[in-house]
Amino acid sequence: MGEMEQYRIPNAPASMFYIHDFITEEQEGTIRQSIPANRWVSLSHRRLQAVPARLTATNTLLASPLPTWLTVPVVTRFNDLGIFEGSPHGVNHCLINEYLPAQGIMPHEDGGAYHPVVATVSLGGSIVLDVTEKVQDAAASNQDGAGSWRILQEPRSLLVTTGAAYNDTLHGIADVTEDHDLNGHTVANWSLLGNKQFIEDHQGRNERTVRISLTYRDVKKVSRISSKLFGKAKG
Ligand SMILES: O=C(O)CCC(=O)C(=O)O
Ligand SMILES: [Fe+2]
């Protein structure tokens, strides 16, 4: 992953990497148009679809390949950069989340079902991801203050979270219509942004618009037998 070093977020837990303009506007448009309109599952604060499928109750993926519109050019570039180099299967799963303004996701960790590398491509609007240290003891956290970092995810960017950042932090997105106080002191990946000028021109504010994220991971448990049995249930 040597080439990734230049993208390391300097003021965030090890290890997070940010690449602005990871894909082009044209590629962004093609991916957005390819997302099946009839496969969304609506939750109260976002809608999502899992490709090729949701994990089973035992966190198993019924093996079946990702469609090409999700792998070319995104996963091929992951491979060039060695992002999933040490992972058992390489990328085998993509969760697509869509957030409207004032929608978000509660702080959480992605947990043990996945190899501890997550690669998120953002489409549409910019959004702030809040990353906070997991603290075992609530009393201690009040005294010391758990570490927290804000990552601004621009359209067409890639965020990679691995190592201690995967294991020892929570991540979430506030359900607001606007993110504020965005500047070089408050945004961990400020130096890596593609368009700081835009934020500066808006007095450090980011008005939320529709944002779609593609969260690529390697599900550890894969069942081949089931994929034969349920072969037609693909996607
Ligand atoms: O939309 C995002 O960037 C975060 C999604 C996420 O954390 C998840 O699906 O586990
Ligand atoms: Fe997550």
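The structure this text deals with has already been given above.
Residues numbered from 1 in each chain as written. Chains lettered and ligands numbered in written order. Predicted model: local features only at pLDDT ≥ 70, side-chain atom pairs only at ≥ 80, totals over all residues. Heavy atoms only, no water.

I would appreciate a short explanation of the site of ligand 1 in the present structure.
Around ligand 1, 13 residues are found, and the nearest of them are Y99, H108, H171, R211 and S213. In the environment of ligand 1, an oxygen atom lies 2.6 Å from a nitrogen or oxygen atom belonging to the side chain of Y99. Burial of ligand 1 by the protein chains amounts to 93% of its free accessible area of 290 Å². Residue assignment for the shell around ligand 1 shows that the elements contributing at least two residues are β5 (93-99), β6 (105-108), β11 (169-173) and β14 (211-217). Counting residues per element, the shell around ligand 1 draws most heavily on β14, at 4 residues. For the shell around ligand 1, the residue count by class is 4 nonpolar, 6 polar and 3 charged. (Near = heavy atom within 4 Å. Polar contact = N/O pair within 3.5 Å; in protein donor to acceptor, adjacent residues only side chain to side chain. Areas by Shrake-Rupley, 256 points an atom, 1.4 Å probe, with all protein chains shown as cover. Helix = DSSP H or I, 4+ residues; strand = E, 2+ residues; numbered from the N terminus. Nonpolar A, V, L, I, M, F, W, Y, C, P; charged D, E, K, R; others polar.)

Would you take a moment to explain unusual backbone geometry for this structure?
A negative phi holds for most residues other than glycine; trans holds for most peptide bonds. Following V51, the chain continues to P52 via a peptide bond in cis, the omega torsion being 5 degrees. If you trace the backbone, P52 turns up in the loop between β3 (47-51) and β4 (60-62). Each neighbour pair has its own omega, and for V72 with P73 the value is 10 degrees, a cis peptide bond. Here D181, not a glycine, exhibits a phi torsion of approximately 60 degrees, which is positive. Locating D181 in the fold gives a position in the loop between β12 (178-179) and α6 (196-201). Non-glycine residue Q203 carries a positive phi angle of around 50 degrees. Structurally, the position occupied by Q203 is in the loop between α6 and β13 (206-207).

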